[in-house]
Amino acid sequence: MKIGPIHSMGVIVNYKCSAKCRHCCYSSSPGWPGDYMSVETAGRVFSWMKSRRVRSCHIGGGEPFLRPEALLSICSLAKEHGIGIEYIETNASWHILEEKTVSLLRQLLKVGVDCLLISVDPFHNEFIPYSKQKELIRLCRKEGMGTFIWPGNFGGDLELLDTSVPHPIKEFDALFGGDYQSDAARSYGLNCNGRAISLCRGAYVQKRPGDIAGENGPCTCLTSTGHCHLDLYENYIPPVCTGFTIALADVDGVLDREKYPALYAAYERGPAGLWDYAKGFGFTPSRERYVNRCDLCFDLKRFLLQNHPTADIGYPSYFSQSDYERG
Ligand code: SF4
Ligand code: SF4
């Protein structure tokens, strides 16, 4: 098992977040440790990118703007290494005073950052009033900072309620009738991992674990490199596979089967392989039905972290902050 040429890469500078969105596949929340990527780690990350001919990346979290000075240092370092920043993801919660926000935008522009991805949807809106995102978008446009509104189709819905305060998702149920939360989850095309699993359970038909294991083959996406990440703990995070980690130091070679047994089990035989592996340590499914292979896989990884931890499974907060037992 080997990680091939990188197609699209992000840098996760923290997992702590000012929000606790129910669709968050990394289970980010205020409950995570306040760790932030150090300049030393960022240097190693950008050097590795250069060695892999990765010319640009995006920056995400958590909420990267929780530590603006550290974020600026990392962006500045990327520039020194010749790595372009495609965009920085943000929920806009940090915007309070126009003067401070403008100053930070100008500093970012100086170090070569010219686009923010600003999240606008009803899940973020449970924690952050839409007025903050709108105001940040306005200031970005005024200062010449590009914006990328993600996902781009919910602004009209958010405008229908008071934009100066956050709104529990149930208010949208009342406004539109029906199950707005599930409709929004389906239209989003969510990655069913982390905290998003609880949301997906309400939005999709669930199946027996045996059927899921029988229907799904090897998880070759573990070596795909579209939208993969490197994080502050110097781990490579495969795309859409929350809970699997690969040490940056190991990414360039063939992965050691003994060090990464769970990863190999999923890669070679999919959820059935990971289930067989976990059975050896006493795993039995905690639920009668699961949404899909990733829901079952998350339960397996959660069990393994608690009962047979190995280097390929992290981190406790992915699971403890996921509200996995809920709903
Ligand atoms: S989706 Fe973004 S804003 Fe929401 S909890 Fe996750 S990292 Fe934070
Ligand atoms: S089943 Fe597991 S390994 Fe496979 S894609 Fe889903 S999270 Fe990744």
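The name an unreviewed UniProt entry gives the protein chain is Radical SAM protein, with Zongyangia hominis as the organism.

Chemist: When you look at the environment of I237 in this model, what are you seeing that I'm missing?
Modeler: You can see I237 is positioned in strand 7 (residues 235-237). On the basis of relative accessible area, I237 is assigned to the buried category, the value being 0%. When the C-alpha positions of I237 and K142 are compared, they lie 35 Å apart, and in sequence the two are 95 residues distant. Aside from chain neighbours lying at most four places away, what touches I237 is Y15, Y26, C228, H229, D231, F244, T245, Y315 and Y318.

Chemist: I'm lost on helix 4 (residues 130-143) in this one. Help?
Modeler: Spacing of three or four residues puts side chains on the same side of an α-helix, whose turn is 3.6 residues. The end-to-end C-alpha distance of helix 4, which contains 14 residues, comes to 20 Å, matching closely the 20 Å that a straight helix rising 1.5 Å per residue would cover. The set of residues buried in helix 4 consists of Y130, Q133, L136, I137, L139, C140 and E143. As for helix 4, its buried residues are in contact with strand 3 (84-90), helix 3 (98-110), strand 4 (115-120), strand 5 (146-151) and helix 5 (155-158). Backbone geometry just after helix 4 places G144 at a positive phi near 85°.

Chemist: Sorry, what's going on with the site of ligand 1 here?
Modeler: The immediate surroundings of ligand 1 are formed by C17, A19, C21, H23, C24, S28, G62, N91 and H124. When its residues are assigned to classes, the shell around ligand 1 shows four nonpolar, five polar and no charged.

Chemist: When you look at the sheet that holds strand 7 in this model, what are you seeing that I'm missing?
Modeler: The pairing of strands in a sheet happens through backbone hydrogen bonds and is either parallel or antiparallel. In spatial order, the strands read 5-4-3-2-1-6-7-8; together these eight strands make up an open sheet with mixed pairing. The two strands at the open ends of the sheet, each matched to only one other strand, are strand 5 and strand 8 (246-247). In the sheet, strand 1 (residues 9-12) pairs with strand 6 (residues 228-231) via four bridges, with the strands oriented parallel. Each residue of the ladder has a partner; that of M9, found in strand 6, is C228.

Chemist: Explain the UniProt feature "domain: Radical SAM core" (unreviewed entry) in the protein chain to me, please; I cannot follow it from the model alone.
Modeler: Those residues carrying the UniProt feature "domain: Radical SAM core" (unreviewed entry) are residues 12-146 in this numbering. The span residues 12-146 shows a helical share of 39% and a strand share of 15%, and its end C-alpha atoms are spaced 21 Å apart.

Chemist: Whenever I open this one, a nonpolar patch on the surface confuses me. Can you help?
Modeler: Among the surface-exposed residues, L160, L175 and F176 lie close enough to one another that they form a single nonpolar patch of about 270 Å² accessible area. Along the chain, F176 falls in helix 6 (residues 169-176).

Chemist: How should the environment of L97 be read in this particular structure?
Modeler: Assignment of secondary structure puts L97 in the loop between strand 3 and helix 3. On the basis of relative accessibility, which here comes to 52%, the residue L97 falls in the exposed class. Considering only alpha carbons, one finds L97 and F172, 75 residues apart in sequence, at a separation of 29 Å.

Chemist: Looking at this structure, how should I read the packing of aromatic side chains?
Modeler: Here a ring pair, both rings aromatic, is described through the centre-centre distance and the interplanar angle of the planes. Taken as a whole, this structure holds 20 aromatic pairs when the rule is applied. A centroid spacing of 4.2 Å and a plane angle of 10° characterise the contact between F65 and W94, whose relative ring orientation is stacked. Of this pair, F65 sits in the loop between strand 2 (56-60) and helix 2 (68-80) while W94 sits in the loop between strand 3 and helix 3; the two residues are 29 residues apart in sequence, bridging distant segments of the chain. By the burial criterion, F65 is buried, and W94 matches it. An angle of 20° between the planes, with centres 5.2 Å apart, marks the rings of F172 and Y180 as stacked.

Chemist: Honestly, the site of ligand 2 in this entry has me stumped. Any pointers?
Modeler: Close contacts around ligand 2 come from N193, C219, C221, L222, V240, C241, F244, R293, C294, C297 and K301, and that covers them all. Of the residues in the shell around ligand 2, the class split is eight nonpolar, one polar and two charged.

Chemist: Explanation requested: the nonpolar core in the structure shown.
Modeler: Inside soluble globular proteins, nonpolar side chains tend to come together where they are buried. Membership of the largest hydrophobic core comes to 112 residues, with the highest contact counts inside it found for M9, F46, M49, I88, L116 and F244. Apart from the residues lying within four places of it in its own chain, the contact partners of F46 are V11, C57, I74, L77, A78, H81 and I83.

Chemist: Would you mind showing me how to read the packing of helix 10 (residues 261-279) against helix 11 (residues 293-307) here?
Modeler: Between two packed helices, both the angle of their axes relative to each other and the distance between the axes serve to describe the pair. Two elements in contact, helix 10 and helix 11, have axes whose closest approach is 10 Å; the angle formed by their N-to-C orientations is 75°. As judged from the angle between their axes, helix 10 and helix 11 are roughly perpendicular. Two secondary-structure elements touch here, helix 10 through A262, P271, L274, W275, Y277 and A278 and helix 11 through R293, L296, C297, L300, K301, F303 and L304. Taken together, the residues of the contact of helix 10 with helix 11 break down into eleven nonpolar, no polar and two charged.

Chemist: Looking at this model, I keep getting lost on the pairing of strand 2. Mind explaining?
Modeler: Look at any regular strand and the pattern is simple: side chains alternate between the two faces of the sheet. Counting buried residues along strand 2, four of its five residues qualify, which places the element largely inside the surrounding structure. Of the strand pairs in this sheet, strand 1 and strand 2 are connected by three bridges, and their pairing is parallel. From the neighbouring strand, I12 faces strand 2, where its bridge partner is G60. A crossover connection joins strand 1 to the parallel strand 2 through helix 1 (residues 39-51); in handedness this β-α-β unit is right-handed. The sheet contact formed by strand 2 and strand 3 spans three bridges and is parallel. The residue of strand 3 that forms the bridge with S56 is G84. At this point the chain moves from strand 2, through helix 2, to the parallel strand 3, and the crossover so formed is right-handed.

Analysis parameters
- Residues numbered from 1 in each chain as written.
- Chains lettered and ligands numbered in written order.
- Predicted model: local features only at pLDDT ≥ 70, side-chain atom pairs only at ≥ 80, totals over all residues.
- Heavy atoms only, no water.
- Helix = DSSP H or I, 4+ residues; strand = E, 2+ residues; numbered from the N terminus.
- Buried < 20%, exposed > 50% of the residue type's maximum accessible area, 1.4 Å probe, protein only.
- Contact = heavy atoms within 4.5 Å.
- Expected span 1.5 Å × (residues − 1).
- Near = heavy atom within 4 Å.
- Nonpolar A, V, L, I, M, F, W, Y, C, P; charged D, E, K, R; others polar.
- Pairing = 2+ DSSP bridges.
- UniProt positions renumbered as here; feature names shortened; annotations may be inferred.
- Patch = residues over 30% accessible without salt bridge, like charges linked within 9 Å, V, L, I, M, F, W, Y side chains within 5 Å.
- Areas by Shrake-Rupley, 256 points an atom, 1.4 Å probe, with all protein chains shown as cover.
- Salt bridge = Lys/Arg side-chain N within 4 Å of Asp/Glu carboxyl O.
- Phe/Tyr/Trp six-rings, centres within 6.5 Å; stacked < 30°, edge-to-face > 60°.
- Core = buried A, V, L, I, M, F, W, Y, C linked by side-chain atoms within 4.5 Å.
- Axes fitted to C-alpha atoms, helices over the stretch in contact; angles between N-to-C directions.
- Parallel < 35°, antiparallel > 145°, perpendicular 65-115°, else oblique.
- Right-handed = clockwise from strand over helix to strand, strands pointing away.

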